Amino acid sequence: MANFAEAIREIAVLHDIDLVGFARVDDIQWGYPPRPAEDLLPGAKTVVVFAAALLQGSLDCPRGTKGAIKDSQVAYDRIQNAAAAVGRYLERNNYLSYFPPASMPTDAYKQKEGDRFAGEFSHRQAAIAAGVGVKGWNNLLVTPEYGPRVRIGSLLTTAEFDFEIRELPPDLCTGCGRCVEACPVKALDPHRELYLDQPKCKNHYIRPFLDHTMWQTLKNVLKVDFFFFTALQMLLEGYYFSCAECQRVCPVGKK
Ligand code: B12
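Cut-offs applied
Residues numbered from 1 in each chain as written. Predicted model: local features only at pLDDT ≥ 70, side-chain atom pairs only at ≥ 80, totals over all residues. Heavy atoms only, no water. Core = buried A, V, L, I, M, F, W, Y, C linked by side-chain atoms within 4.5 Å. Buried < 20%, exposed > 50% of the residue type's maximum accessible area, 1.4 Å probe, protein only. Helix = DSSP H or I, 4+ residues; strand = E, 2+ residues; numbered from the N terminus. Contact = heavy atoms within 4.5 Å. Near = heavy atom within 4 Å. Polar contact = N/O pair within 3.5 Å; in protein donor to acceptor, adjacent residues only side chain to side chain. Nonpolar A, V, L, I, M, F, W, Y, C, P; charged D, E, K, R; others polar. Domains from an automatic or database assignment.

> Could you give an account of the nonpolar core, with specific residues and numbers?
Ranked by internal contacts, the top residues of the largest apolar core, which has 30 residues, are Ile8, Ile17, Phe22, Phe50, Leu90 and Phe161. Residue assignment for this core shows that the elements contributing at least two residues are helix 1 (4-14), strand 1 (19-24), strand 2 (46-53) and helix 4 (66-92). With 10 residues, the single largest contributor to this core is helix 4. With residues near it in sequence (within four places) discarded, Leu90 still touches Phe4, Ile8, Tyr95, Ser97, Leu155, Thr157 and Ala159. Ranked by size, the runner-up nonpolar core spans 22 residues in total, among them Ile28, Val49, Ala53 and Ala126.

Here you go:
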């Protein structure tokens, strides 16, 4: 059998992917809401995880997150291009492949704590199983090389092949608490079952439309010029988030 792991790494590097990992789908801890790989690709055996590092300079830029948005969009393209190329390579070898979106579209659920967005697959859980990183206090995947400053994506495949999974130090996230402190809306608490208060994070993060209160949100929408200009930019440019503090302040992997 071809050395799939090696060939996949080579394809990923050509698409500017920084870290590649592999895991058996049965070793992925279920996410919540549960969505096992079998649901998405019947017969799935292996998951390939891709991490695309972000520019630390873009995240650190004192003028906010505009540059970071662009860099993240490019990271999503890098991941999707790599996943599509690896998928085609595996299908040429007669194994089916599927890559769940690394970003939107997501599903929305009504829950008692408020609306919750959930992707159809947890790239974070897959990346943890593949030894790409560990879960940090910031609720994010923290890698030794880039800390949480990565976008991640996965490809499911029916192929089974040999690979190695690296061992990561369990204290990679030292629990320094900088992310918890830095969160502008205090949405992080690693001592709760769900580290992240999603509605709090989401309402802050997709500002300027949504705000902390209904009233403030309405005021934003009623500023007509502001509303149309912002809506236009969001639609044309995919400009939709305005906070990445929990990624920015993490000391792990900082240059
Ligand atoms: C919806 C979404 C959001 C929502 C909700 C976040 C959430 N779910 O935690 C909002 C808008 C709030 C958000 C915010 C952010 N997001 Co976001 N988001 C997503 C998205 C699209 C889906 C997440 C999801 O629901 N997955 C499905 C569920 C099943 O899995 P999960 O949440 O990953 O896994 C957790 C749960 O399953 C839970 N869990 C596991 N078992 C159990 C069992 C029980 C009983 C319970 C209750 C829970 C539970 O623990 C898991 C790990 O935290 C993912 C992409 C993706 N598809 O994964 C990006 C993603 C998680 N976001 C990302 C980023 C970067 C951000 C932000 C920094 C904003 C920004 N600037 O982009 C913030 C960070 C917030 C934070 N500190 O967690 C990155 C994270 C990269 C990394 N290094 O980890 C991802 C992976 C996108 C990507 N492809 O790179 N996000």
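> Explain the site of the ligand to me, using residue names and the numbers behind them.
Around the ligand lies a shell of 39 residues, among which Ala102, Asn138, Leu141, Arg151 and Ile152 are the nearest. Contact between the ligand and Arg151: an oxygen atom at 2.6 Å from a side-chain N or O atom of the residue. Within the side chain of Gln198, one N or O atom sits 3.0 Å away from a nitrogen atom of the ligand. Elements with a minimum of two residues in the shell around the ligand: strand 5 (114-118), helix 5 (123-129), strand 8 (150-157), helix 7 (198-205) and helix 10 (245-248). Considering each element in turn, the shell around the ligand owes the most residues, four residues, to helix 7. Here the residues of the shell around the ligand sort into 23 nonpolar, 11 polar and five charged. Two domains share the shell around the ligand, each providing at least three of its residues, namely domain 1 (4-172) and domain 2 (178-237).

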